[in-house]
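Below, each chain spelled out in residue letters.
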Amino acid sequence: MNNLTWPEVYQHRFEWAKSAHSKFMLKFDNDLYSTREIKDQIFVAVYGASQVGKTSLILELIGVLPEHYSTVQNVLRADRDYGRSATATVVRYRASNDNYWHIHDVSESSNDKINLNNNQAKKVLAKIRSDMEVMGGQYNIEEIDISIPEEYLSKKSDRYKDIVIRDLPGVKAENNNEREFVTKAIKDKIEKADLVLLVTTIDNIGLVVQPENLELDELQKWRVNPQRFKIVFTKFYSDDSSLRLCNQLHEQEGSINKDDIRTHIQEQIYTLDNDWKWDVKSQLYALEVGDSWYKLATDPSEKLQPLKSIRKDFFDELNDVIYSASNPIIRLCHGYQIGKISKNFKSEKNQETNIDLSRIEKEIKDIDNEIKDSNININKHQISINGEKEDLNNHIVY
């Protein structure tokens, strides 16, 4: 160390952070971290309802080329109809180092990778889903790893890192055992993630904005942790109202920028929750994926060019955020922010609880007043009844 020049010392100033983080993460997932250095990996968790375009988003982020989308999705669906390929477990997607599919249960101790072609991969995935359906809540495979063949991916850039994307299942489950299993898995993966993407569509913005739709505290913290949580809209530009907005902005200002779109979404959030007090514009990403985006992207109409441009700007920014998420300093910042985030979240929950408590106390007071009024009315009626009873007695002839 004493022989190093100051530039060399400066260059290696963060090596201790990388080494410490690598050793720490190895304790949690030896299979995942054993083949590559931690600094070359990025861990992204994706959470959202089924059929909102999560898989299409994941494939694009990993680098699947547009011309291979249908092939890759067909394998992943294993010949199932659209919307029926969801799994009640965590699915881990990543790029393969060769032209084969590799699919395995992460809990398996064997590191032997089986090379699978498209048809073989379909059969493996079909069997996994069949086992899930047969075993129901007894199915306890926590995570499945899927490596997508290199031939379907874009060429690696100079800044290439191994992006590992975990598709998290929904918390809602058919029975308590399955729910408990899924909840534990989600909490574990969110804690390990460098970045968490909450995915929805612009017409279902309430799925992430309204707390009751995010059943776990770990997910509800997105409002107070902008560095780790981003909201991605997989349907935006094909929505009629959003399309009109974009055309209107372009006509009025001659261009559209990300701030305009984010401000619009923030305003929509206010309409859903009048008490909303957070500025989350920097966390919002208006994308469009899957078939709806393909139709827009292949439409030669000149009026759609601004939409394509702004969508590219959002996607490029999200990619930059993902690639920077593995920076050791950012990882350290996440660690240091845990206390502050927890404190803010606790304060927020306490505030909500106090509001609920005040409402409940008011309801109790109102009920007490109603009971008092009812007792007064009962007494009045009783006096009236007694008076009438006395009059009747006076008129009785013995």
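From a predicted model like this one, the values you see are computed outputs, not experimental measurements.

Trainee: I'd like a description of the overall build of the chain, backed by residues and values.
Mentor: The number of helices and strands found in the chain is 14 helices and 8 strands. When each of the 398 residues of the chain is scored for burial, the buried share is 41%. Residue pairs at least 24 apart in sequence account for 77% of intrachain contacts in the chain once pairs closer than 6 positions are excluded. A total of about 22,900 Å² of accessible surface is found on the chain, and carbon and sulfur atoms cover 50% of it.

Trainee: Go over the pairing of strand E3 (residues 102–105) with me, naming the residues and quoting the values.
Mentor: Burial of the side chains of E3 extends over both faces: His102 and His104 are buried on one face and Ile103 and Asp105 on the other. Across 4 bridges, E3 lies against strand E4 (residues 143–148) in antiparallel orientation. Its bridge partner being in E4, Asp105 is matched across the sheet by Ile144.

Trainee: Residue-level account of helix H4 (residues 54–62), with values.
Mentor: Of all 9 residues in H4, 8 are buried; the element is thus mostly enclosed. When we look at burial in H4, the residues that qualify are Lys54, Ser56, Leu57, Ile58, Leu59, Glu60, Leu61 and Ile62.

Trainee: Account for the nonpolar core, naming residues and giving values.
Mentor: Trp101, Ile148, Leu197 and Leu198 are the most contacted members of the largest nonpolar core, which totals 87 residues. Examining the composition of this core, we find that 8 residues originate from one element, helix H13 (residues 305–324), more than from any other. Residue contacts for Leu197: discarding those within four places in its chain leaves Val44, Ala45, Val46, Tyr47, Leu57, Leu61, Lys230, Val232 and Leu318.

Trainee: Mind laying out the sheet that holds strand E6 (residues 195–201), listing which residues take part and the relevant values?
Mentor: Read across the open sheet, the 8 strands follow the order E3-E4-E2-E5-E1-E6-E7-E8; overall the sheet is mixed. At either margin of the open sheet sits one strand with a lone partner, and together these are E3 and strand E8 (284–286). Mean inter-strand twist for the sheet, computed between neighbouring axes without regard to direction, equals 20°. In terms of strand pairing, strand E1 (residues 41–48) meets strand E5 (residues 162–168) through 7 bridges, oriented parallel. Bridging from a neighbouring strand, Tyr47 pairs with Leu168 of E5. In the packing of H13 onto the sheet, contacts are made with E1, E5, E6, strand E7 (229–235) and E8, and the angle to E8 comes to roughly 135°.

Trainee: Tell me about the environment of Val91, residues and numbers included.
Mentor: Relative to the assigned elements, Val91 resides in strand E2 (residues 90–95). The class for Val91 is buried, based on a relative accessible area of 5%. As for Val91 and Glu142, which are separated by 51 residues in sequence, their C-alpha atoms are 8.8 Å apart.

Trainee: Can you tell me about the packing of helix H11 (residues 258–272) against H13, naming the residues and giving the values?
Mentor: Running from N to C, H11 and H13 point in directions that differ by 85°, and their axes come no closer than 10 Å. The pairing of H11 with H13 is recorded here as roughly perpendicular in orientation. Contacts between H11 and H13 involve Lys258, Ile261 and Arg262 from the former and Ile310, Asp313, Phe314 and Glu317 from the latter. Of the residues assigned to the contact of H11 with H13, the class counts are 3 nonpolar, no polar and 4 charged.

Definitions and cut-offs
- Residues numbered from 1 in each chain as written.
- Predicted model: local features only at pLDDT ≥ 70, side-chain atom pairs only at ≥ 80, totals over all residues.
- Heavy atoms only, no water.
- Helix = DSSP H or I, 4+ residues; strand = E, 2+ residues; numbered from the N terminus.
- Buried < 20%, exposed > 50% of the residue type's maximum accessible area, 1.4 Å probe, protein only.
- Contact = heavy atoms within 4.5 Å.
- Areas by Shrake-Rupley, 256 points an atom, 1.4 Å probe, with all protein chains shown as cover.
- Pairing = 2+ DSSP bridges.
- Core = buried A, V, L, I, M, F, W, Y, C linked by side-chain atoms within 4.5 Å.
- Axes fitted to C-alpha atoms, helices over the stretch in contact; angles between N-to-C directions.
- Parallel < 35°, antiparallel > 145°, perpendicular 65-115°, else oblique.
- Nonpolar A, V, L, I, M, F, W, Y, C, P; charged D, E, K, R; others polar.

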